[in-house]
Amino acid sequence: MRLLIVEDERELAETLRRGLVAEGFTVDVVHTGPDGLWSAAEHDYDTVVLDIMLPELSGYEVLKRLRTKENWTPILMLTAKDGEYDEADAFDLGADDYLSKPFSFVVLVARLRALLRRGAPARPAVLAAGDLKLDPAARTVHRGERRIVLTTREFGLLDFLLRRQGAALSKNEILGHVWDAHYEGDENVVEVYVGYLRRKIDAPFGTHTIETVRGVGYRLVT
Ligand code: CA
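Think of each chain on its own: its residues are numbered from 1, step by step along the sequence as written. Selection of residues for local features in this predicted model requires a pLDDT of at least 70, selection of side-chain atom pairs for listing and counting requires 80 or more, and totals for whole chains, interfaces and linings are taken over all residues. With hydrogens and water set aside, each side-chain value is computed from the structure's full complement of heavy atoms.

**Observations concerning the overall build of the protein chain**
Looking only at helices and strands, the protein chain has eight helices and 12 strands in total. Under the scheme applied here, a residue whose accessible area is under 20% of the maximum for its type counts as buried, over 50% as exposed, and between as partly exposed, the area being computed with a 1.4 Å probe on protein chains only. Within the protein chain, the proportion of its 222 residues that are buried is 45%. Here, residues are in contact when the closest pair of their heavy atoms is within 4.5 Å. Contacts in the protein chain between residues at least 24 apart in sequence constitute 55% of all its contacts with a sequence separation of at least 6. Areas reported here follow the Shrake-Rupley algorithm with a probe of radius 1.4 Å; residue values treat only the protein chains shown as occluding. Approximately 11200 Å² of the protein chain is accessible, and the part contributed by carbon and sulfur atoms is 50%. Secondary structure is summarised from DSSP: a helix means a run of H or I of at least four residues, a strand means a run of E of at least two, and numbering begins at the N terminus for each.

Encoded structure:
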């Protein structure tokens, strides 16, 4: 689950980033309206947490411009009760949810998960390839009746591969979605994690769900 935070209060942004990463999200952070607009339009986020009072371009303006461009990424707005705007404005402009500051982190995570479950209509509740099933809401993976326990990163990787099943994905593309856009390490980390996954979802079952595409990367076969 890749998420963008647009928040100019750097301390708050960093606290949110750390907390959400611990919850298994892949998180990018920007601090101004124009950066938020650019990032949200340029990348394929699963959801955006958008503050209202932002330098240069307000959160409302960012939201309005995204919707005008027919970008329907789910957006949760952070509103301030004493602000110039209120919640009604957020919904009018096409926000999917809002939270008033100050808010509890637990509530934010619950709202984000609800938003992701609602998601785009094309996003199925349970992702499947044959008898391999991943439930994003319950955060469980099964092969047939058997439960497979994955780490947060393995889960994120399988989730991404399942959503793009049939497509050949480059290591770089996988890195950008499952790690984060600014990950500067070796892209062979993808190879390592594909190995971990194969040992859990394929080797014990004699299946070959994740194919190596020579010169490109990987493909999850259906
Ligand atoms: Ca602000």
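The rest of the description comes next.
**Digging into the coordination of the calcium ion**
Six octahedral donors around a metal ideally subtend angles of 90 or 180 degrees, whereas four tetrahedral donors ideally subtend 109.5 degrees. Only nitrogen, oxygen and sulfur atoms within 2.8 Å of the metal, or 3.2 Å for Na, K and Ca, are treated as donors, and water is left out, so sites may look incomplete. With distances of 2.1 to 2.3 Å, the protein atoms coordinating the calcium ion are Asp8 (OD), Asp51 (OD) and Met53 (O). Within one chain, the residues serving as donors to the calcium ion are arranged as D-x42-D-x1-M. With aspartate 8 in the loop between strand S1 (2-6) and helix H1 (10-22) and methionine 53 in the loop between strand S3 (47-51) and helix H3 (59-68), this pair connects stretches of sequence that are 45 residues apart. A residue is classified by how much of its surface remains accessible, and aspartate 8, at 28% relative accessible area, is partly exposed. According to the relative accessible area criterion, methionine 53 is partly exposed, its value standing at 44%.

**A word on the packing of helix H6 (residues 152-163) against helix H8 (residues 188-202)**
One way to put it is that H6 packs onto H8 with a least axis distance of 10 Å and a crossing angle of 85°. It follows that H6 is roughly perpendicular to H8 by the angle criterion. Where H6 approaches H8, its residues Arg153, Glu154, Leu157, Leu158 and Leu161 are matched on the opposing element by Tyr193, Val194, Tyr196, Leu197, Lys200 and Ile201. By the convention adopted, Pro, Cys, Tyr, Trp, Phe, Met, Ile, Leu, Val and Ala count as nonpolar, Lys, Arg, Asp and Glu as charged, and the other residues, Gly among them, as polar. Partitioned by chemical class, the residues of the contact of H6 with H8 number eight nonpolar, no polar and three charged. Axis lines are fitted to C-alpha atoms, over the contacting stretch for helices. Their N-to-C directions set the angle, which ranges from 0 to 180 degrees. With respect to orientation, any angle under 35 degrees is reported as roughly parallel, any angle over 145 as roughly antiparallel, any angle of 65 to 115 as roughly perpendicular, and every other angle as oblique.

**Thoughts on the sheet that holds strand S9 (residues 146-148)**
One open sheet accounts for four strands, arranged S6-S7-S8-S9; its pairing is antiparallel. In this open sheet, the two edge strands, each paired with only one partner strand, are strand S6 (127-129) and S9. Looking at each pair of strands side by side, their axes are set apart by 25° on average, direction ignored. Relative to strand S8 (residues 140-143), strand S7 (residues 132-135) runs antiparallel, the two sharing four bridges. For leucine 134, the partnering residue across the bridge sits in S8 and is valine 141. Across the face of the sheet, H6 comes into contact with S6, S7 and S8 while running at roughly 110° to S7. A strand pair is defined by DSSP finding two or more bridges across the two strands.

**Concerning helix H7 (residues 171-178)**
When you tally the buried positions in H7, you get six out of eight residues, the bulk of the element. All of the buried residues in H7 are Lys171, Ile174, Leu175, Gly176, His177 and Val178. Structurally, H7 contributes buried residues whose contacts are with S1, strand S2 (26-30), H6, strand S10 (169-170), H8 and strand S12 (217-220).

**Side note on the packing of aromatic side chains**
Pairing of aromatic rings covers Phe, Tyr and the six-membered ring of Trp, with a centre-to-centre limit of 6.5 Å; geometry is then stacked below 30 degrees between planes, edge-to-face above 60, and tilted otherwise. Considering all chains together, one arrives at two aromatic pairs under this definition. Seen from their ring centres, tryptophan 179 and tyrosine 193 are 5.4 Å apart, and the 75° between their planes marks the pair as edge-to-face. Of this pair, tryptophan 179 sits in the loop between H7 and H8 while tyrosine 193 sits in helix H8, and the two are 14 residues apart along the sequence. What makes tryptophan 179 buried here is its relative accessible area of 5%. Within the aromatic cluster, the residues linked to one another by ring pairs are Trp179, Tyr193 and Tyr196. Only Lys NZ and Arg CZ are tested; either one counts as a charge over a ring when it is within 6 Å of the ring centre and within 35 degrees of the ring normal. When the ring centre of phenylalanine 205 is taken as origin, the NZ or CZ atom of arginine 143, which lies over that ring, is 5.5 Å away.

**Some details on the pairing of S2**
Of all five residues in S2, four are buried; the element is thus mostly enclosed. Bridge count for S1 against S2 is five bridges, and the pairing is parallel. Bridge assignment links leucine 4 to a residue of S2, and that residue is aspartate 28. Taken together, S1, H1 and S2 form a β-α-β motif whose crossover is right-handed. Looking down the strands as they point away from you, a crossover is right-handed if its path from the first strand over the helix to the second goes clockwise.

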